[in-house]
Amino acid sequence: MPNPVIFLPGYYGSKLQHVRSGTEIWLNGKSLVNANNTLSALRLDPNDPNALVPTGVLDEIAILPPFIDPDAYKGVLRFLRTNIKAETLAFHYDWRKSLDSEADRLHGQVQRLVGTSPGQKVSFVAHSLGGLVARAYFARYGIDRVDWFITLGSPHRGMLKTFRALTEGIRVMGFFGPAGIREASRTFPSAYELLPQDPATGMVNLDPFLNNAWADSEMLPHLQRAASTIATLLPLQVPEKSCFIYGTDLETLTSARVGTSNVTFDPDQRDGDQTVPRVSAMGQGLVSSGAIARFPVPFGVHSNLPDDEVVRQRIISPRLLEQSLPDPLLIARYQEGTVARPRSQNLLRVEVLDNLGQAIPGVHVNLRVPGVPIRPLAVDAHGGHRLQVTMSGPGSVSVHRIEAHVPGRSEPLRESITLHT
């Protein structure tokens, strides 16, 4: 039997309920319709920090049932319990609060699963902010009780989308406007703890904690506490068996310039999962006594990574079950998916990876389409392969065959994609 698994959801990923009235504030259809009231209720009052309490992982969002009912985290929890057949605990937490407040609660859940059994361990599977909650646990309680540490799009080195939320505001889920998000997020300790700090990552030119003239006066105490939390609760050391999975090639906010009185955000680049930049989600600078596996997922959208079938079946599953990994692993995807506009340009991205997620050098990848000459794919700066492909005319179905010729293998790796236009 595999070790028990604790699944840690990401930002916005736990339900929050008003402790006195019992009203669910985050998240249901009423919360979305009454967006301004919801944001007002989410503001974290330092005089009453426990007015809202987490009641569970956001497993679904019933908006207009049965017409719209997103699964949220229901699918990944079902996968862990039925496919992996692991005892799985979904760890819910107040994502507004500091990482400092959640490490002790997570320790309690680890103890609940493994107790004092000698040698018994748990595995962490974490989405987004959940990966930082796990690292806060490592700082306080060590890594000895954790077997696998698997993260999906976790902002290990911070993220700029939250930085923009604090300074300019952003739109969330199409219902919550920038001004309301800005005012609410400024009361969240976690938002400050997500600020990128290290200029070496390329996300910022200056440390925004040391160069804080951009911040309003009421933000400065939050910044000071967040800097201390990052220094003490986000160690660079992670468990020996760690695997970071991250989306690539999607327009993502990847860099900002911290000035003397403001922050300027550069245009989005195709170097992340729409939310977290590649450099952060791959955990640049984090270390382990083993070799950290880092798997890029072409066009992997941040919110969809836990439900990605390739991620589940070919990366997470063999690790938790201690099975042999596909080696090499071929992942081929079109940016617009398998249903495309007729005659449109559709970017094909192919990754050929070893069992640590590293691009295998010297690989040649070709695309075979019936009635069209064989086309080779170009190699990019990250070692992946790409090609712009013109889709067929309307109403057609075609099978695109990808062949990857790997040095030392007599037969090429093959994968087929059926496209509809």
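### Observations regarding unusual backbone geometry
No. 1: Of note, the bond from W26 into L27 is cis; its omega dihedral lies within 30 degrees of zero at 10°.
No. 2: Looking at where L27 falls in the secondary structure, it is placed in the loop between strand 3 (24–26) and helix 1 (29–33).
No. 3: At K85, a position not held by glycine, the phi torsion is positive, near 60°.
No. 4: Along the chain, K85 turns up in the loop between helix 3 (74–82) and strand 5 (88–90).
No. 5: By relative accessible area, K85 is classed as exposed at 55%.
No. 6: Even without being a glycine, E322 presents a positive backbone phi close to 55°.
No. 7: Mapping E322 onto the fold places it in the loop between helix 11 (309–320) and strand 16 (329–334).

### Some words on the sheet that holds strand 16
By way of backbone hydrogen bonds, the strands of a sheet pair with one another, either parallel or antiparallel.
No. 1: Strand order in the open sheet formed by four strands is 16-17-21-20, and the pairing between neighbours is antiparallel. The outermost strands of the open sheet, each flanked by one partner alone, are strand 16 and strand 20 (378–379).
No. 2: With six bridges joining them, strand 16 and strand 17 (residues 345–353) adopt antiparallel strand pairing. Among the inter-strand pairings, L329 is bridged to a residue of strand 17, identified as L353.

### Examining the packing of aromatic side chains
No. 1: Applying the stated criterion across every chain, the model contains 17 aromatic pairs.
No. 2: Ring geometry for F124 versus F138: centroids 5.9 Å apart, planes at 20°, classification stacked. Residue F124 is located in strand 6 (residues 122–127), and its partner F138 is located in helix 5 (residues 130–141); the two are separated by 14 residues in the primary sequence. Summarising the burial analysis for this pair, F124 and F138 share the class buried.
No. 3: Both rings, one in F138 and one in F149, keep their centres 5.0 Å apart while their planes meet at 90°; by these two values the pair is edge-to-face. Placement of F138 in helix 5 and of F149 in strand 7 (residues 146–152) is noted, with a sequence separation of 11 residues between them. The residues F138 and F149 share a single accessibility class, namely buried.

### Here's the deal with the sheet that holds strand 3
No. 1: One open sheet holds the three strands; their spatial order is 3-2-4, and the pairing between them is antiparallel. Both edges of this open sheet fall to strand 3 and strand 4 (52–57), since each of them pairs with a single strand only. Neighbour-to-neighbour, the strand axes of this sheet turn through a mean angle of 40°, independent of strand direction.
No. 2: Strand direction decides the pairing type here: strand 2 (residues 14–18) and strand 4, joined by five bridges, are antiparallel. The partner of Q17 across the bridge, within strand 4, is V53.
No. 3: Lying on the sheet, helix 2 (residues 35–42) is in contact with strand 2, strand 3 and strand 4; it crosses strand 3 at an angle near 90°.

### A few points about the environment of Q274
No. 1: Summarising the element assignment, Q274 is placed in the loop between strand 13 (269–272) and helix 10 (278–281).
No. 2: For the pair Q274 and L44, spaced 230 residues apart in sequence, the C-alpha separation works out to 27 Å.
No. 3: Ignoring any residue separated from it by four or fewer positions in sequence, one finds Q274 in contact with K161, L250, E251, T252 and V301.

### Considering the pattern of salt bridges
No. 1: Taken as a whole, this structure holds 28 salt bridges when the rule is applied.
No. 2: Of the charged contacts, one joins K241 and D147 as a salt bridge, the two residues approaching to 2.6 Å between their closest N and O atoms. Residue K241 is located in strand 9 (residues 241–248), and its partner D147 is located in strand 7; the two are separated by 94 residues in the primary sequence.
No. 3: For the salt bridge of D307 with R312, the shortest nitrogen-to-oxygen distance reads 2.4 Å.
No. 4: Relative accessible area serves as the criterion here: at 30%, D307 is assigned to the partly exposed category.

### Concerning the side chain of S154
No. 1: Tracing the chain through its elements places S154 in the loop between strand 7 and helix 6 (160–167).
No. 2: Within polar-contact distance, the side chain of S154 engages the backbone oxygen of S128 at 2.7 Å.
No. 3: With near-sequence residues (within four places) excluded, S154 lies in contact with A126, H127, S128, G131, V276, S280 and A281.

Calculation notes
Residues numbered from 1 in each chain as written. Predicted model: local features only at pLDDT ≥ 70, side-chain atom pairs only at ≥ 80, totals over all residues. Heavy atoms only, no water. Helix = DSSP H or I, 4+ residues; strand = E, 2+ residues; numbered from the N terminus. Buried < 20%, exposed > 50% of the residue type's maximum accessible area, 1.4 Å probe, protein only. Pairing = 2+ DSSP bridges. Phe/Tyr/Trp six-rings, centres within 6.5 Å; stacked < 30°, edge-to-face > 60°. Axes fitted to C-alpha atoms, helices over the stretch in contact; angles between N-to-C directions. Contact = heavy atoms within 4.5 Å. Salt bridge = Lys/Arg side-chain N within 4 Å of Asp/Glu carboxyl O. Polar contact = N/O pair within 3.5 Å; in protein donor to acceptor, adjacent residues only side chain to side chain.

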